[in-house]
Amino acid sequence: MSKRKQLIAGNWKMNGSLAANEALVGELLAGVGQPACDVVVCPPGVYLGQLQRLLTGSPIELGAQNVSTHDNGAFTGDVSADMLKDFGVRYAIVGHSERRQHQAESDVHVAIKAKRALAAGITPIVCVGETLREREEGMTDFIVKRQLAAVIHLNGHCVSEIVVAYEPVWAIGTGKTATPEQAQAVHAVLRAQLKAATEHADRVRILYGGSMNAANAAELLAQPDIDGGLIGGAALKSADFLKIVSAAQ
Ligand code: PEP
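So, here's what we can say about the structure. (Residues numbered from 1 in each chain as written. Predicted model: local features only at pLDDT ≥ 70, side-chain atom pairs only at ≥ 80, totals over all residues. Heavy atoms only, no water.)

It is worth spelling out unusual backbone geometry at this point. Of note, Ala104 is a non-glycine position whose phi angle comes to about 55°, a positive value. Checked against the element boundaries, Ala104 lands in the loop between helix H4 (97–102) and helix H5 (107–119). Ala104 gets classed as exposed once you look at its relative accessible area, which sits at 57%. Even without glycine at this site, Ser211 takes up a positive phi of about 55°. (Helix = DSSP H or I, 4+ residues; strand = E, 2+ residues; numbered from the N terminus. Buried < 20%, exposed > 50% of the residue type's maximum accessible area, 1.4 Å probe, protein only.)

Close to the ligand lie 14 residues; Lys13, Glu167, Gly173, Ser211 and Gly232 are nearest. For the ligand, an oxygen atom lies 3.3 Å from a polar atom in the side chain of Asn11. Contact distances for the ligand include 2.6 Å between an oxygen atom and a side-chain N or O atom of Lys13. (Near = heavy atom within 4 Å. Polar contact = N/O pair within 3.5 Å; in protein donor to acceptor, adjacent residues only side chain to side chain.)

Glancing now at the side chain of Ser238. Among the secondary structure elements, Ser238 is positioned in helix H10 (residues 238–247). Setting aside anything within four residues of it in sequence, one finds Ser238 in contact with Leu24, Glu27 and Leu28. (Contact = heavy atoms within 4.5 Å.)

All of the buried residues in helix H2 (residues 48–55) are Leu48, Gln50, Leu51, Leu54 and Leu55. Each buried residue of H2 lies within a common arc of 155° when the element is viewed along its axis, so the set occupies one face. Here the buried face of H2 lies against helix H1 (18–32), strand E2 (38–42), strand E3 (60–64), helix H3 (81–86) and strand E4 (89–94). (Arc of directions from axis to C-beta.)

The following block contains the structure:
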């Protein structure tokens, strides 16, 4: 059982509309009560203002799905960490595998994004994870350690302020979940790596992500180094998301 307050983060990806968001948030607020864990939802960037209005004063915090590597200036389409902060954003997902794959984000980009977020007082949720081929080749530990090492290298002792999300790429949106044992084994590797970098590694939350749902959440969240979940598909269904929140502490 995790020693840390768990965090359940919903990644809405590129889904939603003004009307759909209002309905989903309404259902979440009606059912969430006083959660034992921290809860955050990460809508598409254009809806941050709407979500800020809907969530203010509630136990659900606001997160972003991305942040620019730059502070400000001629970077068309980018949104800076300070701009996110203006909208009450508390967390920002960085290095999601979909961005690493489709936007060619490198480990160094991800490390810079984490640094920008931290400088603005936003907690980066740093995603790491191996592809199916990398797992089959026995490369899992090497890949996740390489991805996290870049963030540690650039952020030094501030790494104790990040959240890590272990998301095996083969489990994202596929319905294939890592077993609790598979996930715990990788989380332990990441915890050991953090311990070598900071004396405060025990307070870093390491989330699991990859087809976590209402049925499998409790078993995953019971593992000693699994401190919450990054939830994609199930975050769009209020009943499922709320069941995952209830399974966390
Ligand atoms: C994600 O997008 O971070 C994710 C874990 O998605 P899903 O829960 O749908 O696998």
